[in-house]
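Below are the chains, spelled out letter by letter.
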Amino acid sequence: MATTKIINDLIDLNQTGNTTALKGCVGTNANQPTAPTISVQYLVLGGGAGGGTNGTASGDGLGGGGAGGLSTGTIAVPNNTAVNIVIGQGGAGGTTTNGYNGLSGVDSGFYQIQGQGGGGGGAGTALGLPGGSGGGGGRNTGNLTNTSTGVSGQGNAGGLGGWSSTYYLSSGGGGGGKGSVGAGGGNDQSSGGAGGSGYDAVPSGIITQANAATAGVGETNGAERNFAGGGGGGQANVGTVLGGSGGGGNGGANSVGSPGTANTGGGGGGDGSTSATGGGSGGSGVVILRFASSTTYSVTGITVGNAFTEGSDTVLVFKTGSGTINLIGSSVLGPKVGDLRTNTDQ
């Protein structure tokens, strides 16, 4: 059969032009239509780390846990394709039975985006661990090279502990936060290092402060809603060592460290000198997604913690667990090279 004409760059395989006849799409691979995608704004936050402890040793303070790594931005997600969501839990605080150092937080993820768990706070004379944000160092680490680094773009390093010629009398460094490094611990029974500051999610437009508060994610600080604050370092003398804004737990002052707040990714506070031992546990992470309300969705294996409509967008908040989400937009993939279609198809 001879080809008689071209219809909208499609070869007409019917010599009579019958509208029920087939036509074949022509072209090269370069002419293939692009698969449709969904534009999704995201906030992906790993679990915060636990603060360190030194058992029943007297006179010293230990490092605060690093905040979970926080990633934000916009990504094109394949249409009608299940992609992963994982919410990282916070790391346990150091105890006499789990190795004294605070445990690092667990990673969170969405599609190709990761928020790494925070690095555990250092115990004794140990440096904090690297992570999304690094953990603070234990006592007498002030003369060491700091290796408690944070992941670039997700967080910052933890602070070093103080230094004392009497060895046990220095304080722990603060865990790093998304907004700043943790402060260094003081010398000779002075204050532990404050936790690094967190990140205010309100200016990014991913969620309103009111809806974040309703969902119980982040921490209110004036007009801000903060995430990923570092845990405060512990100290031997009485006082308050603040965790970073964004759920960071306070460092212990003759007391155990305070825990990071759930669903903030905040680091736990370091232990201060006390007969009751224990670093604070890290706060769990969170994933927040925002996309056009014309997009429908379904989830498998994970529960949507909260769903909001903000303007023309849907905002979903995931606070625990793991599973997949399938986003379905209105875009339709056009005819591909080699497809057979009727002459009435466009």
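Residues numbered from 1 in each chain as written. Predicted model: local features only at pLDDT ≥ 70, side-chain atom pairs only at ≥ 80, totals over all residues. Heavy atoms only, no water.

Novice: Now, about the overall build of the protein: what can you tell me, with residues and values included?
Specialist: A count of helices and strands for the protein gives 1 helix and 17 strands. Taking all 346 residues of the protein together, 51% fall into the buried category. Partitioning the contacts of the protein with sequence separation of at least 6, the portion at a separation of at least 24 is 58%. Carbon and sulfur atoms make up 51% of the accessible area of the protein, which amounts to about 13300 Å² in all. (Helix = DSSP H or I, 4+ residues; strand = E, 2+ residues; numbered from the N terminus. Buried < 20%, exposed > 50% of the residue type's maximum accessible area, 1.4 Å probe, protein only. Contact = heavy atoms within 4.5 Å. Areas by Shrake-Rupley, 256 points an atom, 1.4 Å probe, with all protein chains shown as cover.)

Novice: Describe in detail the environment of G48, supporting the description with residues and values.
Specialist: Residue placement: G48 occurs in the loop between β4 (37-45) and β5 (70-78). Contacts of G48, omitting those with residues within four sequence positions, involve G66, A67, G68, G90, G91, G105, G265, G266, G267, G282 and G283.

Novice: How would you sum up the sheet that holds strand β10 (residues 219-221)? Please name residues and give values.
Specialist: Across the sheet, which stays open at both edges, the 3 strands sit in the order β9-β11-β10 with antiparallel pairing between neighbours. Each edge of the sheet is formed by a strand with only one pairing partner; in this case those strands are β9 (199-200) and β10. In terms of strand pairing, β10 meets strand β11 (residues 224-227) through 3 bridges, oriented antiparallel. Counted as the bridge partner of E219 is N226 from β11. (Pairing = 2+ DSSP bridges.)

Novice: Quick one: what's the story with the nonpolar core, residue by residue and with numbers?
Specialist: Grouped together as the largest cluster of nonpolar side chains are 19 residues, with contacts concentrated most on V40, I85, F110, V287, L289, F318 and I325. Contributing elements (two or more residues each) for this core: β4, β5, β6 (82-86), β12 (286-292), β15 (313-318) and β16 (322-328). Top contributing element to this core by residue count: β4, with 4 residues. Leave out the neighbours within four places in its chain, and F318 touches I85, I87, V286, V287, L289, V299, I302, T303, V304, G305 and I325. A212, A215, F227 and I288 belong to the second-largest nonpolar core, a separate cluster that totals 18 residues. (Core = buried A, V, L, I, M, F, W, Y, C linked by side-chain atoms within 4.5 Å.)

Novice: Can you break down the sheet that holds strand β7 (residues 108-110) residue by residue, with the values?
Specialist: With antiparallel pairing, 5 strands are arranged side by side in an open sheet as β8-β7-β6-β16-β13. Each end of this open sheet is capped by a strand with a single partner; those strands are β8 (113-115) and β13 (296-300). Taking each pair of neighbouring strands and ignoring which way they run, the sheet shows an average axis angle of 25 degrees. In this sheet, β8 lies alongside β7 in antiparallel orientation, the contact comprising 3 bridges. Across the sheet, F110 pairs through a bridge with I113, a residue of β8. (Axes fitted to C-alpha atoms, helices over the stretch in contact; angles between N-to-C directions.)

Novice: Describe the pattern of salt bridges, naming the residues involved and giving the relevant values.
Specialist: Two side chains carrying opposite charge are able to pair once their charged atoms lie near each other. Applying the stated criterion across every chain yields a total of 2 salt bridges. Among the ionic pairs, E310 bridges to R290, the shortest N-O distance being 2.5 Å. Highlighted residues: E310 in strand β14 (residues 306-310) and R290 in strand β12, separated in sequence by 20 residues. Judged by relative accessible area, which is 10%, E310 ranks as buried. The partner of D313 in a salt bridge is R290, and the shortest N-O contact between them spans 2.9 Å. Of this pair, D313 sits in strand β15 while R290 sits in strand β12, placing them 23 residues apart in sequence. The exposure class of R290 is buried, given its relative accessible area of 12%. One continuous salt-bridge network, built from bridges that share partners, spans R290, E310 and D313. (Salt bridge = Lys/Arg side-chain N within 4 Å of Asp/Glu carboxyl O.)

Novice: Any details on the environment of G279? Residues and values, ideally.
Specialist: For G279, the location among the structural elements is in the loop between β11 and β12. Separated by 156 residues in sequence, G279 and A123 place their C-alpha atoms 9.3 Å apart. Those residues in contact with G279, other than ones at most four positions away along the chain, are G51, G52, T53, G93, G94, G257, G269 and D271.

Novice: If you had to explain the pairing of β16 to someone new, which residues and values would you point to?
Specialist: Here β6 pairs with β16 via 5 bridges, running antiparallel. For N84, the partnering residue across the bridge sits in β16 and is T324. Two elements, β13 and β16, share 5 bridges in a ladder whose sense is antiparallel. Among the inter-strand pairings, T300 is bridged to a residue of β16, identified as T324.

Novice: Which residues make up the confidence of the model for the protein, and what values go with them?
Specialist: On average, residues of the protein score 86 in pLDDT, and 81% of them reach the 70 mark or higher. In the predicted structure, residues 1-7 sits below a pLDDT of 50 and forms 16 contacts with residues beyond four places in sequence or in another chain. (pLDDT = per-residue confidence, 0-100.)

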